[in-house]
Amino acid sequence: MDRRQFILSGIALGTAASLGIGSLSWQRSLQQHNDNRDLVLSALLPALLYGALPQDATLAATELNRTKAAVADFMPFLPQRQQQELHQLFNLLANRVTQLALTGHIAALPQLSIAQRLQLLSQWRDSYLSLLQQAYHGLRELLYGAYYGQSEHWQALAYTPPRFR
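Read on for an overview of the structure.

On to the pattern of salt bridges, then. Scanning all chains against the criterion turns up 5 salt bridges. Put simply, E85 and R81 hold a salt bridge, and the shortest N to O gap is 3.4 Å. Of this pair, E85 and R81 both sit in helix α5 (residues 80-94), 4 residues apart, which is roughly one turn of the helix. Between D126 and R125 there is a salt bridge; the shortest N-O distance is 3.1 Å. Assessed through its relative accessible area of 56%, D126 is described here as exposed. Assessed through its relative accessible area of 38%, R125 is described here as partly exposed. Beyond isolated ion pairs, a larger network of salt bridges with shared partners links E63, R66 and E152.

Right, dumping it as structure tokens:
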């Protein structure tokens, strides 16, 4: 995060705190909103799976939709606390004010270029804030598991499933 993004994030957080928006967003962020999950996944999946997706746009869109469905199918099997944390992350990233605080970008996540999304994810990975590191690793593990958990992607990994007798 450069100095300009840090200053803008500070201004946004200060404004939100003075208006009381933060507490309202925080309370709403604990509830599940599938639209927010789909919005965030549509923005971050192409960046996380950069290079693994097919070159054809329709095939890539199909893979992304299947991966989003796999995430939705897998989420109920996570512990309740992890489900709440992921829902909260999705909701906070879908809200413009809290997204500015988390990403340093005023534009919505889908409006960012792939390069900006990759930079955002690497900033989270290398952040000194453990909360951002936790968000990065949680999303990465969930989304990689949903994508590579599908048997048609195993060949690219040279994975051979075990045979049971």
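Read on, since the account is not over.
If you look at the biggest cluster of nonpolar residues, it comprises 33 residues, and the most contacted ones within it are L93 and W124. Elements represented by at least two residues in this core include exactly α3 (34-48), α4 (57-74), α5, α7 (114-125) and α8 (130-148). Looking at this core, the element that brings in the most residues is α8, giving 8 residues. When residues no more than four places from it in sequence are discounted, the contact partners of L93 are V40, L44, Q99, L102, T103, L109 and W124.

Axis angle and axis distance: for two packed helices, these are the angle between their axes and the distance between the axes, and together they describe the pair. Interhelical geometry of α4 versus α8 gives an angle of 115° and a closest axis separation of 8 Å. The angle between α4 and α8 falls in the class roughly perpendicular. Of the two elements, α4 crosses α8, and the hand of that crossing is right-handed. For the pair α4 and α8, the contacting residues are E63, T67, A70, V71 and F74 in the first and L142, L143, A146 and Y147 in the second. Of the residues assigned to the contact of α4 with α8, the class counts are 7 nonpolar, 1 polar and 1 charged.

About the cut-offs
- Residues numbered from 1 in each chain as written.
- Predicted model: local features only at pLDDT ≥ 70, side-chain atom pairs only at ≥ 80, totals over all residues.
- Heavy atoms only, no water.
- Salt bridge = Lys/Arg side-chain N within 4 Å of Asp/Glu carboxyl O.
- Helix = DSSP H or I, 4+ residues; strand = E, 2+ residues; numbered from the N terminus.
- Buried < 20%, exposed > 50% of the residue type's maximum accessible area, 1.4 Å probe, protein only.
- Core = buried A, V, L, I, M, F, W, Y, C linked by side-chain atoms within 4.5 Å.
- Contact = heavy atoms within 4.5 Å.
- Axes fitted to C-alpha atoms, helices over the stretch in contact; angles between N-to-C directions.
- Parallel < 35°, antiparallel > 145°, perpendicular 65-115°, else oblique.
- Left-handed = near helix turned anticlockwise from the far one by under 90°.
- Nonpolar A, V, L, I, M, F, W, Y, C, P; charged D, E, K, R; others polar.

By themselves these figures say nothing about function.
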